[in-house]
Amino acid sequence: MLVVKFGGTSVGAAAQIDQAARIVYGMRERKPIVVVSAMGGVTDLLLQAGEAAVTGQTRLREDKLWEIRSRHDQAINGLLKDRNTAVAVQDTERIIWEEIQKVYTGVSLLREMSPRSRDLISSFGERLIVPIFARYLSTLGQPAEPIDAREFIVTGEESEFLLVDFDETRKRCQKLTSMAESGITPIVTGFICSTPAGATTTLGRGGSDYSASIIGSCIKAEEIQIWTDVNGVMTADPRIVPDARVLDRVSYKEAAEMSYFGAKVLHPQTIMPAVDENIPILIKNTFAPDVPGTLISVETPALQYSVKTVTSITGMTLVSVEGRGMIGVPGVAGRVFTTTARQRISVMMFSQGSSEQHISLVVNRRDGEQTIKALKREFEPEMERRRIDRVASISEIAIIALVGEGIKGVPGVAARAFGVLGTAGINIMMIAQGSSELNLSIVVREKDAPRAVQLIHEAFELAR
Ligand code: ADP
Ligand code: ASP
Ligand code: MG
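Calculation rules
- Residues numbered from 1 in each chain as written.
- Chains lettered and ligands numbered in written order.
- Predicted model: local features only at pLDDT ≥ 70, side-chain atom pairs only at ≥ 80, totals over all residues.
- Heavy atoms only, no water.
- Salt bridge = Lys/Arg side-chain N within 4 Å of Asp/Glu carboxyl O.
- Helix = DSSP H or I, 4+ residues; strand = E, 2+ residues; numbered from the N terminus.
- Core = buried A, V, L, I, M, F, W, Y, C linked by side-chain atoms within 4.5 Å.
- Buried < 20%, exposed > 50% of the residue type's maximum accessible area, 1.4 Å probe, protein only.
- Contact = heavy atoms within 4.5 Å.
- Disulfide = S-S within 2.5 Å.
- Near = heavy atom within 4 Å.
- Polar contact = N/O pair within 3.5 Å; in protein donor to acceptor, adjacent residues only side chain to side chain.
- Areas by Shrake-Rupley, 256 points an atom, 1.4 Å probe, with all protein chains shown as cover.
- Pairing = 2+ DSSP bridges.
- Axes fitted to C-alpha atoms, helices over the stretch in contact; angles between N-to-C directions.

Under the definition given, this model contains 24 salt bridges. Between D167 and R170 there is a salt bridge, with its nearest N and O atoms 3.2 Å apart. Taken together, the residues span about one helical turn, with D167 and R170 both in helix 7 (residues 166-181) at a distance of three residues. One salt-bridge network, in which partners are shared between bridges, spans E168, K171 and R172.

And the structure:
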């Protein structure tokens, strides 16, 4: 069995949906389970309408919702030429729109959007697209049914620290398998899920990739295919490095590492469920289906290059705890991490100088303030006694990550990277290398990030 996911650009309008549905039609013998994202940009529009509702901008709210509605109407009219079929889909959409209106009226009245309301609001994009996709695939000659993933992807209660309940999800996924086996293609909403009590949750932005791998692992699929708008996983983000090259093979470890550090092509959590069941992930281009794409699996063939990809992640803050009094005092690092853990702040990267005069951590910018406050509180006694001089922060920083299994054991990787950045006058603020030696991470100012990525891409001849 096969799980096949189409991203937002692959279902952005009638012509793209047509292309995606024909790809599914072509593989109908393999009995695929299809996962679909919202039309490109729709999740953003839903959230913008939510913000407008919170700030009482009713007109703006209605304009955004109108834009979403007309994009779906256009797709229906463009794809479903038979009037009765079009009307049937419109009826299904109308029921969803009634709920949308109620939810937005609620947000407008309350003037607040809790994480839970945000999840519910952002769920509508996926819910609106699946009836259209399913009906269109049926008209091509392959029977299909829209499926709401909230019926079977089950998560914990807290939306920000979402944990998927794989045991429960696996049980409920049986329904998908029997449907596909009976010859009806399930067209499943990506991104959305629900708590055991039935509240809507989401897997985070870009989460439809993760939906596909959750389903893939639960039904033990033979392959997970991610169809997008590029030819595969590339040596760098093509918007930053125009001559970035497509890689034929990437290992699970490399893919996990690069998506964690900003390669948007895959949601960072996608790899884990696939690894557990050893399911290969194939990245393909919806608009160039004959291009082989990238195969992500347990191993990659012998590597010629030490570094395979260079990624960047922006929107980070660097926090440091500094002071000469820290030298030789045990437990400082432990207290730093206990403090961030207690505040439920995730630390992207950290380092401690060998002189022990500082400990630096990189956190998401939205957690920056809270991190500083909590650390100042924790080290108040030491700061009074001047053992710790200060807890400081620099925002607007980025992490540049060089990733590749080949980095292990190859001397000079760091030297070459630091060399080109130094020559270009780009200041390196912090470095870290994971013990797996798969990744070398470098912190620079956010404004220097694109240039740093380009220079490193060039220095390691990744475009070759
Ligand atoms: P989808 O809507 O199909 O999920 P996304 O926009 O989420 O697509 O992800 C695909 C995009 O990721 C590409 O268009 C590309 O611009 C960007 N991207 C960033 N880094 C990489 C990379 N290393 N390899 C391939 N694509 C990348
Ligand atoms: N529609 C969701 C988003 O825009 C999920 C996805 O595209 O994967 O984040
Ligand atoms: Mg995506």
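All right, on to the nonpolar core then. Judged by nonpolar contacts, the single largest core of 53 residues is most densely connected at F152, V188, I215, I296, V362 and I399. By residue number, the principal contributor to this core is helix 8 (residues 208-218), which donates five residues. When neighbours within four sequence positions are excluded, F152 is seen to be in contact with I147, T169, R172, C173, L176, V188 and I215. By size, the runner-up hydrophobic cluster in this structure holds 50 residues, among which are L45, L128, F133 and A144.

Within this structure, the stated rule accounts for zero disulfides. Free of any disulfide, C193 has its nearest neighbouring cysteine sulfur in C173, separated by 12 Å. You can see C218 has no disulfide; the closest cysteine sulfur is in C173, sitting 4.6 Å from it. Residue class for C218 comes out buried when judged on its relative accessible area of 4%.

Near ligand 2, the surroundings consist of S37, A38, T43, E126, F191, R205, G206, G207 and S208. R205 has a polar side-chain atom sitting 2.7 Å from an oxygen atom of ligand 2. Between ligand 2 and G207, the relevant distance is 3.4 Å, taken from an oxygen atom to a main-chain nitrogen or oxygen of the residue.

A word on the site of ligand 1. Taken together, 18 residues lie around ligand 1, and G8, T228, D229, M234 and K264 are the ones closest in. For ligand 1, an oxygen atom lies 2.7 Å from a polar atom in the side chain of T228. Relative to its unbound accessible area of 570 Å², ligand 1 is 89% covered by the protein chains.

The antiparallel open sheet is built from six strands, whose spatial order is 12-13-11-14-16-15. With one partner strand each, in any of the chains shown, strand 12 (347-352) and strand 15 (430-433) form the two edges of the open sheet. Across this sheet, the average inter-strand angle for adjacent strands is 30°, counted without regard to direction. Note that strand 12 and strand 13 (residues 358-364) share five bridges and pair antiparallel. Across the sheet, the residue bridging to M349 is V362, located in strand 13.

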